[in-house]
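Below, each chain spelled out in residue letters.
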Amino acid sequence: MTIAENVQQVQQTIAAARIEAGRTDPVTLVAVTKYHTIEEAQAVAATGLTNLAENRPEGLAEKQAALTATDLKWHFIGSLQKRKVKQVINKIAYLHSLDRLSLAAEIEKRAEQPINCFVEVNVSGEASKSGLKLAEVEPFIRSLVDFTKIRIVGLMTMAPIDADDHALHELFKQLRLKRDTIAQLGLTYAPCRELSMGMSRDYRIAVLEGATFVRVGTALFQ
Ligand SMILES: *Cc1c(COP(=O)(O)O)cnc(C)c1O
C-alpha cells in the first residue's frame with residue numbers, strides 16, 4: 001500500500017474505535033518518522049498529517065531542515081539526555097518523555113517558553129523500560145510546582161511488546177485512571193488532560209481506552 005493509503009487506513013481504524021468507545025473528544029494521529037527517510041516523511045505530511053515525531057535530536061534536526069511547512073508540529077518521543085536538551089527543547093511542540101527531575105531542571109534552564117510535556121510512565125513495571133512507576137507519578141508532578149517552563153499536558157506510556165489484548169486494555173486503563181487523578185488535583189501547571197498511548201500494534205485498543213495522542217510509525221510506512 002502507499003503511504004497515503006496507510007494513513008487513510010489508520011485514520012479509519014481510529015474513527016471506528018472512537019465510535020465503538022462512544023467518544024466525542026479528538027484523537028491526534030502522530031506520525032513517527034524516526035526510521036524513515038526525508039522523502040517518506042514528506043509523503044506523510046503531504047497527506048495532511050501535521051503532527052510528526054522523532055526520537056533522536058539528530059533525526060529531528062535533519063527532518064526539520066527538510067520539512068519547513070509552518071503548520072507542522074514536532075513531537076520528541078525518545079529519551080532525552082540532559083546535554084541534548086538545548087538542541088531540542090525550543091524546536092518542539094510536545095515532549096513525550098519527561099521522566100526525571102534532573103531533566104525537568106535542564107528544561108527549566110533552557111526553554112524560552114513553557115513546554116508541553118507528557119510524563120512517561122512505565123505502567124507494566126518492566127525493568128527494561130524507562131518511565132516512572134504509577135505510584136511515583138503524583139509525587140513527581142507535585143515536585144514540579146516551581147518549574148515555570150514545564151506544563152504537564154498528560155501522561156505517556158509504551159506497552160510491552162508481548163502484552164495480549166487483555167493486558168493492553170488493563171495497562172491503558174490504568175494510565176487513564178492515573179491521568180484522571182492528576183487532572184482532578186487542579187494544578188495550574190498540570191492540566192493533564194491528554195493520554196499519549198498506542199503504537200502500530202496497539203493503537204486501536206489505546207483509542208478504545210481513551211488515548212488522545214497515538215504515536216504510529218510502522219503502520220504508516222509498511
Ligand atoms: C518508535 C516509537 C513509536 C512508533 O512505533 P511503531 O511500532 O513503529 O508504530 C511510538 N512511540 C515511541 C516512544 C517510539 O519510540
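Per an unreviewed UniProt entry, the recorded name for the protein is Pyridoxal phosphate homeostasis protein, and the organism is Loigolactobacillus jiayinensis. In its Function (unreviewed entry) section, UniProt records this for the protein: "Pyridoxal 5'-phosphate (PLP)-binding protein, which is involved in PLP homeostasis." In UniProt, the protein has this text filed under Sequence similarities (unreviewed entry): "Belongs to the pyridoxal phosphate-binding protein YggS/PROSC family."

Right, let's talk about the packing of helix α6 (residues 134–142) against helix α7 (residues 165–184) for a bit. Interhelical geometry of α6 versus α7 gives an angle of 25 degrees and a closest axis separation of 11 Å. When the axes of α6 and α7 are compared, the pair comes out roughly parallel. Where α6 crosses over α7, the two elements pack in a sense that is right-handed. Note on element contacts: α7 touches α6 through Gln174, Lys178, Thr181 and Ile182, opposite Leu134, Val137, Glu138 and Ile141. A per-class count over the contact of α6 with α7 returns four nonpolar, two polar and two charged.

Once that is clear, we can look at the nonpolar core. Formed by 67 residues in total, the largest nonpolar core has its most connected members in Leu98, Ile107, Ile141 and Ile152. Core analysis: the second largest hydrophobic core is formed by nine residues, Val30, Val32, Ile77 and Phe118 among them.

Residues Asn51 and Ala53 line one face of strand β2 (residues 51–54) and the alternating positions Leu52 and Glu54 line the opposite face, and both faces are buried. In this sheet, β2 lies alongside strand β1 (residues 28–32) in parallel orientation, the contact comprising two bridges. Directly across from alanine 31, in β2, lies its bridge partner leucine 52. In terms of handedness, the path from β1 via helix α2 (residues 38–46) over to β2 forms a crossover that is right-handed. In this structure, β2 lies alongside strand β3 (residues 73–76), joined through four bridges in parallel fashion. Among the inter-strand pairings, leucine 52 is bridged to a residue of β3, identified as tryptophan 74. Handedness of the β-α-β unit built from β2, helix α3 (residues 57–66) and β3 comes out right-handed.

Among the residues of α6, Leu134, Val137, Phe140 and Ile141 are the ones counted as buried. Looking straight down α6, one finds its buried side chains confined to an arc of 95 degrees; they lie on one side. Buried residues belonging to α6 abut β4 (94–98), α5 (101–110), β5 (115–120), β6 (150–156) and α7.

What follows deals with the site of the ligand. Taken together, the neighbourhood of the ligand is formed by Val32, Lys34, Ile77, Met156, Met158, Met199, Ser200, Arg215, Val216, Gly217 and Thr218. Measuring from an oxygen atom of the ligand, one finds a side-chain N or O atom of lysine 34 at 2.6 Å. Between the ligand and threonine 218 there is a distance of 2.5 Å, counted from an oxygen atom to a side-chain nitrogen or oxygen. Relative to its unbound accessible surface of 390 Å², the ligand loses 88% to contact with the protein. Here the ligand occupies the largest pocket.

With that settled, consider the UniProt feature "domain: Alanine racemase N-terminal" (unreviewed entry) in the protein. According to UniProt, the feature "domain: Alanine racemase N-terminal" (unreviewed entry) maps to residues 17–221 in the numbering used here. A helix fraction of 37% and a strand fraction of 19% characterise residues 17–221, whose end C-alpha atoms lie 21 Å from each other.

Thresholds applied
Within every chain, residues take consecutive numbers counted from 1 along the sequence as written. Predicted model: local features are reported for residues with pLDDT of at least 70 only, side-chain atom pairs are reported and counted for 80 or more only, and whole-chain, interface and lining totals are derived from all residues. To obtain the side-chain values, all non-hydrogen atoms of the structure were used and water was disregarded. UniProt positions are given in the numbering used here, feature names are shortened, and annotations may be inferred rather than shown by experiment. Lines are fitted to the C-alpha atoms to define the axes, a helix being fitted only along its stretch in contact, and any angle between axes, read from their N-to-C directions, falls within 0 to 180 degrees. Where helices and strands are cited, they refer to DSSP runs of H or I of at least four residues and of E of at least two residues respectively, numbered from the N terminus. Put simply, angles under 35 degrees are roughly parallel, angles over 145 are roughly antiparallel, angles from 65 to 115 are roughly perpendicular, and the rest are oblique. By definition, turning the near helix anticlockwise from the far helix through less than a right angle yields a left-handed crossing, and turning it clockwise yields a right-handed one. Any two residues whose heavy atoms approach within 4.5 Å are treated as being in contact. Each residue is assigned to one of three groups, with Ala, Val, Leu, Ile, Met, Phe, Trp, Tyr, Cys and Pro labelled nonpolar, Asp, Glu, Lys and Arg labelled charged, and all others, Gly among them, labelled polar. We define the nonpolar core as a collection of buried residues of types Ala, Val, Leu, Ile, Met, Phe, Trp, Tyr and Cys that are connected through side-chain atoms lying within 4.5 Å of one another. Exposed residues in this analysis have more than 50% of their type's maximum accessible area, buried residues have under 20%, and partly exposed residues fall in between, with area computed by a 1.4 Å probe over protein chains only. Two strands qualify as a pair provided DSSP detects at least 2 bridges between them. Crossover handedness is defined here as right-handed if the route from the first strand over the helix to the second strand goes clockwise, with the strands pointing away from the viewer. Here, the arc refers to the directions that run from the helix axis to the C-beta atoms. It suffices for a single heavy atom of a residue to lie within 4 Å of a molecule or strand for the residue to be listed as near it. For the purposes of these results, a polar contact is taken to be a pair of N or O atoms within 3.5 Å, where, inside protein, one atom must be able to donate a hydrogen and its partner to accept one; residues adjacent in sequence count only when each atom of the pair is a side-chain atom. Residue burial considers only the protein chains on display, and all accessible areas are found by Shrake-Rupley using a 1.4 Å probe. Throughout, the protein atoms alone are placed on a 1 Å grid, and a set of points is a cavity if a 1.4 Å probe fits but cannot get out or a pocket if it is open with protein on both sides within 12 Å along at least five of seven lines; lining residues have an atom within 4 Å of a point. Whether a molecule sits in a cavity or pocket is decided by its atoms, more than half of which must lie within 2 Å of the grid points.

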